[in-house]
Amino acid sequence: MNLNKKIAAWVLAFASMGMGASIGAQESVKVEQSVTLTVDQAVSYALENSRTLKSADIDLEMKERAAKYGWNVLLPTVQVSGTMSRATEYSPSSAAMSQLGATLQNIALQAQGLPATATGKTDFADEEDHWTPVGNVSIGWNFSLAMLKQIKASKVAYEGGKISLEQSTNEQVLSIKKLFYALLLQQESLKIQQATLENSRQRMVQAQTNFRNGIIPELKYLQTQVDYENKKPDVDTAEQNLNNQLDTFVFLIGMPVGTRLSLEGEINPHYIEADADKLIERYGSNSLEIKALQNNVDSLKENMSAIDLQTWTPALSINYAWQPAYIGEDGAFHFFKDLGKDDKWYDSGALSFTLAWNLTNALPWSSNQQKAKDIKQNLLKLEISLDMLKENQKVAVRKAVDTLNQARAQIEAMERNVSLAQRAYDMTYRAYRNGTTELLDLRDSEQSLNQAKLGLVNQKYNYMTALLDLENTLNADLTSERE
């Protein structure tokens, strides 16, 4: 994969995760400002403007609230209501209610030493007699041991949300850093091309001077001029490509379109002594993928425990209801005049304790038991996936360690190769200036030097990206292990 394809791949991966701010949030007019960013600043800026992380923060907030107030399933249900009921015709029950009210009023009068005078009505004298105000206060509290598992499940879901957010953050940080270093690699390639172009220009100027002084024939001067002119379009194209990639990077991290961006940094890896077995033993349990899958296992186990408790333990229900009805002689529409007067109201209420056990849930072919079997099988699948993930982690770590060791060995070899290529170029250049070698030999020597330099910086980039992948796999900062 060449450099441009490599950067394009990271741009696509970067954009697919919603890293950049929306176009509407950016300025429509180009902003003529210059900004210099280090890799850490680019990461901070991109994360601050990430729509994906903002959405994940909202999801985590909802799960946090659910975990914080999960105990609310234990709250009792309290309901207060008032009813005005109208009887459409006279009935024995209406007469009984009227007679009961009269009896209660007479008892109250006799208790005060007054003669009993109230009599129950036997028919509706007017419209108000059709109506009866009734209040109702009910309190209910239900409890089962499965509720405790529901509370625990909400906390497990919150922990899973935190793991998911951390995963998203780490993946985006990884993409930002890789894209940043890929742009640095492109910058290094451009610098080498620019240096080669400058060398061609200096040779052309020197050849022009020598030609004018009659030291070399015109053909050699023309050869240097052609060589210089041939290199200019390639350098211009490389510079334009870099500027386009920087503009794309500006958009992806959420900066205003048109910002002139400069990257501050270098491709200089921090080497570590990596041992696959030691890394797996020390950091293997840190993997967010493993933690996320383990969280799913814990969630299913809580659901399984809740079903078992629903099946094999009864549920307790406590209910209390109080229902006052106005029976005063002033009529239904004037009940508010006698609020607080016990003799004007007829009270009824009930307190109940119920212990219920759904025996159907215990039947092996019941829907409850079938659901429990499905959860058990899903648990087995997750445990298999967890074992596979741990084995894949070992493979990924060993592969990354091999890549690191191979890249480091190649870096050391290429550093020696660059030194040799530089010496060969210097000697060829002196010979060319002395007229003892041809321009073609000089160009070949210069091309070999450029290839050596590009190969060296490319291997350093490979080492850095492999180290980033390894740190992401283990969810660990391995730069503390550097030499």
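Notes on the structure in this doc start here. (Residues numbered from 1 in each chain as written. Predicted model: local features only at pLDDT ≥ 70, side-chain atom pairs only at ≥ 80, totals over all residues. Heavy atoms only, no water.)

**What to know about the environment of Gly70**
For the record, the criterion: In this description a helix means any DSSP run of H or I spanning at least four residues, a strand means any run of E spanning at least two, and both kinds are numbered starting from the N terminus. Any residue under 20% of the maximum accessible area for its type is buried, any over 50% is exposed, and the rest in between are partly exposed; the area is computed with a 1.4 Å probe on protein chains only. Contacts between residues were defined by any pair of non-hydrogen atoms, one from each residue, lying within 4.5 Å.
Mapped onto the secondary structure, Gly70 falls in the loop between helix H3 (51–68) and strand E2 (77–86). With relative accessibility at 10%, the residue Gly70 sits in the buried group. Through-space distance from the C-alpha of Gly70 to that of Gln150 is 7.6 Å; in sequence the pair is 80 residues apart. Filtering out sequence-adjacent residues up to four positions away, Gly70 remains in contact with Ile151 and Ser154.

**Observations regarding the packing of helix H5 (residues 145–212) against helix H10 (residues 439–474)**
Where we set the bar: All axes are obtained by fitting lines to C-alpha atoms, using only the stretch in contact for helices, and the reported angles, taken between N-to-C directions, cover 0 to 180 degrees. For classification, angles of less than 35 degrees are called roughly parallel, those exceeding 145 degrees roughly antiparallel, those between 65 and 115 degrees roughly perpendicular, and all remaining angles oblique. Each residue gets one label: Ala, Val, Leu, Ile, Met, Phe, Trp, Tyr, Cys and Pro are nonpolar, Asp, Glu, Lys and Arg are charged, and the others, such as Gly, are polar.
The N-to-C vectors of H5 and H10 enclose an angle of 170°; their axes lie 11 Å apart at closest approach. The angle between H5 and H10 places the two elements in the roughly antiparallel class. Grouping the constituent residues of the contact of H5 with H10 by class yields 12 nonpolar, 8 polar and 8 charged.

**Considering the pairing of strand E3 (residues 131–143)**
Cut-off, in case you're wondering: Two strands form a pair only when DSSP identifies at least two bridges running between them.
In terms of strand pairing, E2 meets E3 through 10 bridges, oriented antiparallel. In the sheet register, Thr77 faces E3, and the bridge partner there is Gly140. Judged from the 8 bridges that link them, E3 and strand E5 (residues 315–326) form a sheet pairing that is antiparallel. Directly across from Ser138, in E5, lies its bridge partner Ala321.

**A word on the pattern of salt bridges**
When their charged atoms lie close together, side chains carrying opposite charge are able to pair. Under the convention used in this document: Any Lys or Arg side-chain nitrogen found within 4 Å of a carboxyl oxygen on Asp or Glu counts as a salt bridge.
Enumeration according to the criterion identifies 14 salt bridges in this entry. Across the pair Lys152 and Glu302 runs a salt bridge whose closest N-O atoms are separated by 3.5 Å. Of this pair, Lys152 sits in helix H5 while Glu302 sits in helix H8 (residues 288–312), and the two are 150 residues apart along the sequence. Since its relative accessible area comes to 40%, Lys152 is described here as partly exposed. Shared partners join several salt bridges into a network, and the residues in it are Arg203, Asp227, Lys231, Arg443 and Glu446.

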